[in-house]
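Structural overview
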Amino acid sequence: MALYRDEAVVLRTQKLGEADRIVTLLTRHHGRVRAVAKGVRRTSSRFGSRVEPFMHVDLQLAEGRTLDVITQVETLDAYAGRLGNDYGAYTCGTSMLESADRLVGEDGHPAAQQYLLLVGALRALADRRHPSGLILDSFLLRSLAIAGYAPSFDTCARCGLAGPHRAFNPGAGGMLCADCRLPGSDNPAPETVRLLAALLSGLWPQAEASGDRARREASGLVAAYLQWHLERGLRSLDYVDR
Ligand SMILES: [Zn+2]
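Residues numbered from 1 in each chain as written. Predicted model: local features only at pLDDT ≥ 70, side-chain atom pairs only at ≥ 80, totals over all residues. Heavy atoms only, no water.

Description of the overall build of the protein
We apply this condition: Segments assigned H or I by DSSP are reported as helices when at least four residues long, segments assigned E as strands when at least two residues long, and all are numbered from the N terminus. Radius of gyration: over C-alpha atoms. The globule rule applied is 2.2 Å multiplied by the number of residues raised to the 0.38 power. Contacts: residue pairs with any heavy atoms within 4.5 Å of one another. Accessible surface area values rest on a Shrake-Rupley calculation with a 1.4 Å probe, where residue burial reflects the displayed protein chains alone. For the charge count, each Lys or Arg is scored as positive and each Asp or Glu as negative, with His and the chain ends excluded. Charged groups are reduced to one reference atom each: NZ for lysine, CZ for arginine, CG for aspartic acid, CD for glutamic acid.
Along the backbone of the protein there are 7 helices and 7 strands. For the protein, the N- to C-terminal ordering of α and β elements is β-β-β-β-β-α-α-α-α-β-β-α-α-α. Relative to the 2.2 N^0.38 estimate, which gives 18 Å for 242 residues, the radius of gyration of the protein is 19 Å and therefore close to what a compact globule would have. Across its three principal axes, the protein shows a C-alpha extent of roughly 60 × 35 × 25 Å. Long-range contacts, defined as pairs at least 24 residues apart, comprise 55% of the intrachain contacts of the protein with a sequence gap of at least 6. Accessible surface for the protein amounts to roughly 12000 Å². Of this, 47% is attributable to carbon and sulfur atoms. Computed over 29 positive and 27 negative side-chain charges, the separation of the two mean positions in the protein equals 3 Å.

A word on the pairing of strand 2 (residues 20–27)
The two faces of the sheet receive side chains in turn, since in a regular strand these alternate between them. Worth spelling out the cut-off: The cut-offs for exposure are 20% and 50% of the maximum accessible area for each residue type, with area from a 1.4 Å probe on protein chains only; residues under the lower value are buried, those over the upper are exposed, and the others partly exposed. Here, strands pair whenever DSSP counts at least two bridges between them.
Most of strand 2 is tucked away, with 7 of its 8 residues classed as buried. Inspection of the sheet shows strand 1 (residues 3–16) paired to strand 2 by 8 bridges, in the antiparallel sense. Along strand 2, the bridge assignment pairs Leu16 with Asp20. Between strand 1 and the antiparallel strand that follows it, strand 2, lie 3 residues; Gly17 among them carries a positive phi value of about 60 degrees. As defined by bridge partners, strand 2 adjoins strand 3 (residues 32–37) across 6 bridges and the pair is classed as antiparallel. Each residue of the ladder has a partner; that of Leu25, found in strand 3, is Val33.

Overview of the packing of aromatic side chains
Going by this rule: Aromatic pairing here means that ring centres of Phe, Tyr or Trp (its six-membered ring) are within 6.5 Å. Orientation follows from the plane angle: under 30 degrees is stacked, over 60 is edge-to-face, and everything else is tilted.
The tally for this structure, following the rule as stated, stands at 3 aromatic pairs. Centroid distance Phe54 to Tyr90: 5.2 Å. Interplanar angle 45 degrees. Geometry classified as tilted. Placement of Phe54 in the loop between strand 3 and strand 4 (55–62) and of Tyr90 in helix 2 (residues 87–103) is noted, with a sequence separation of 36 residues between them. You can call Tyr90 partly exposed: its relative accessible area is 34%. Each ring, one from Phe153 and one from Phe168, has its centre 6.3 Å from the other, and the planes form 15 degrees; the classification is stacked. Highlighted residues: Phe153 in the loop between helix 4 (132–146) and strand 6 (167–169) and Phe168 in strand 6, separated in sequence by 15 residues. We classify Phe168 as buried; its relative accessible area is 1%.

Description of helix 7 (residues 212–230)
Note the following rule: In this analysis, the expected span of each helix is defined as 1.5 Å times one less than the number of residues it contains.
The terminal C-alpha atoms of helix 7, which comprises 19 residues, lie 27 Å apart, in line with the 27 Å expected from a rise of 1.5 Å per residue. The set of residues buried in helix 7 consists of Ala214, Ala218, Ser219, Leu221, Val222, Tyr225, Leu226 and Leu230. Elements that come into contact with the buried residues of helix 7 comprise helix 2, helix 4, strand 6, strand 7 (174–176) and helix 5 (190–201). Of the residues flanking the end of helix 7, it is Glu231, one or two places downstream, whose phi is positive at about 70 degrees.

Quick notes on the UniProt feature "domain: DNA replication/recombination mediator RecO N-terminal" (unreviewed entry) in the protein
What counts, and what does not: UniProt positions are given in the numbering used here, feature names are shortened, and annotations may be inferred rather than shown by experiment.
Within this numbering scheme, the UniProt entry marks residues 1–79 as carrying the feature "domain: DNA replication/recombination mediator RecO N-terminal" (unreviewed entry). With 1% helix and 59% strand, residues 1–79 has end C-alpha atoms that lie 32 Å from one another.

Focus on the pattern of salt bridges
Here is the rule: Every case where a carboxyl oxygen of Asp or Glu lies within 4 Å of a side-chain nitrogen of Lys or Arg is listed as a salt bridge.
In total, this model carries 9 salt bridges according to the counting rule given. Between Arg82 and Asp127 there is a salt bridge, and its shortest N-O distance comes to 2.7 Å. With a gap of 45 residues between them, Arg82 in helix 1 (residues 79–83) and Asp127 in the loop between helix 3 (112–126) and helix 4 connect regions that are remote in the sequence. We note a salt bridge from Arg128 to Asp86, for which the minimum N-O separation is 3.1 Å. In this pair, Arg128 is assigned in the loop between helix 3 and helix 4 and Asp86 in the loop between helix 1 and helix 2, connecting sequence segments 42 residues apart. Judged by relative accessible area, which is 25%, Asp86 ranks as partly exposed. The network of salt bridges with shared partners includes Asp77, Arg82, Asp127 and Arg129.

Structure (structure tokens):
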């Protein structure tokens, strides 16, 4: 059996048989990987606690015929423990894991940018570097952009006319000018549009200067945009307090 090493964040786990789990990982070099962790539901397991959601690990895997098998795991960081007492931060983190699971496509395709984005966002969340909701919305926008769904918050998403514009339409790719405006578009406040642009670019001083109303409106538009591109929304977003 060929062995390989990689770094990964554990996105989710499912029970398998009596004592095993299938672990979904976002790895640095091998994209999204589903692997078997044997015996981890036994209390005697040496690495059961290291293959739980939110764990950032260095691991060795053996290539299997259908699923690879985890043979060694070392902890790099335990984000669940660092988020544990903060329900708001924890639910934001859960949405990040679910979104990464959905946005990173076929197993085996490298997704280093998505991996680095997720690790950076979890670390920012665990370090309480910015308000949790802003970290989540910035992560979602940037992850969508990496996946090829970059929203436009300045120029018109259809004709490219320089903004600022008033209408927002998820299906059209972002802001629309007066000529391109589609029925059913939202009309977010200008402050909200500036916040969305700052979150997409990672301009934190600008993002943190925003007011609560703009943050709430921005979160709703990010959720709508994500839902449009994922076809069905993230279940975990319902638990994020906005
Ligand atoms: Zn236009």
